Amino acid sequence: MPIVPDEKDWTWVLERACPDCGFDTAAVDRDDLAGRIRATSDTWEAILQRPDVHDRPDDDTWSPLEYACHVRDVHRVYAGRVGRMLAEVDPHYDNWDQDVTAVEDRYAEQDPATVAAELAAAGAALGALFAGVTGAAWDRTGNRSDGASFTVDSISRYYLHDIEHHVWDVTGSLPAR
C-alpha cells in the first residue's frame, strides 16, 4: 500500500526543538556529528535484525526496513549536497522525491543485512566529510529546490535531526549517544 507523501517543510527544526522526538538542533556540537551518525547507524543495524523489519505498523507508516533504506539514501543525498557546498559557490540542489525513490528502489524488498552495511558506509562517509570541515567552511551556503537556504552548519543540524528522528519513528526513542 502506498504511503501518503510527507510534504511538511521541516526547516523549522532549525529554530526550535522537535515536539515529537525532542531533538534540539541548538544543542548539537559539530564535533559530535561523526559520533552521532555512527550511533544512529549502530541503532539501525540492531533494528534491521528484528523479526518485524518488513512489517508496516499501519497503512500510513513505513516498515523499519523502508525507514532504514530512506536513512541510507539521506546519507547519500546529503553527502552530495554538502560536498557541493564545500566545492562550489552557493549551489542549488535538484529536488529529491523520497517517496518516488522508495517505490522505484523497492525499499520494502531490499535485504536488511545489505541495507545495514550500506547505511553504515554511507553514514561513515558523510561523518568523515563533516569531520573535515573547519573554520569558515561551516558558513558556506547552498539552496534546496524549494528555496530553503542552508549553511554547512545548518544543513548538518537539519540532516542530523532527520536521521535521529527516523530512529524515533521506529523505536519511540532517540539513538543512544
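Residues numbered from 1 in each chain as written. Predicted model: local features only at pLDDT ≥ 70, side-chain atom pairs only at ≥ 80, totals over all residues. Heavy atoms only, no water.

Now for the pattern of salt bridges. Side chains that differ in charge, positive against negative, can pair when their charged atoms come close. As enumerated under the stated definition, the model contains twelve salt bridges in all. As a salt-bridge pair, Arg 56 and Glu 66 come within 2.7 Å of each other at their nearest N and O atoms. Separated by ten residues along the polypeptide, Arg 56 in the loop between helix H1 (33–47) and helix H2 (64–87) and Glu 66 in helix H2 bring together distant segments of the chain. Overall, the relative accessible area of 27% leaves Arg 56 in the partly exposed class. Taking relative accessible area as the criterion, Glu 66 reaches 5% and is therefore assigned buried. Put simply, Arg 144 and Asp 146 hold a salt bridge, and the shortest N to O gap is 2.8 Å. (Salt bridge = Lys/Arg side-chain N within 4 Å of Asp/Glu carboxyl O. Helix = DSSP H or I, 4+ residues; strand = E, 2+ residues; numbered from the N terminus. Buried < 20%, exposed > 50% of the residue type's maximum accessible area, 1.4 Å probe, protein only.)

Note that an α-helix has 3.6 residues per turn; residues three or four places apart therefore point the same way. Along its 20 residues, helix H5 (residues 152–171) runs 29 Å from first to last C-alpha, staying within 8% of the 28 Å computed at 1.5 Å per residue. Taking burial as the measure, the 20 residues of H5 include 17 buried ones, the bulk of the element. Gly 172 sits one or two residues past H5 and shows a positive phi near 85°. (Expected span 1.5 Å × (residues − 1).)

It is worth spelling out the environment of Glu 88 at this point. The residue Glu 88 is located in the loop between H2 and helix H3 (98–104) in this model. When the C-alpha positions of Glu 88 and Thr 141 are compared, they lie 9.0 Å apart, and in sequence the two are 53 residues distant.

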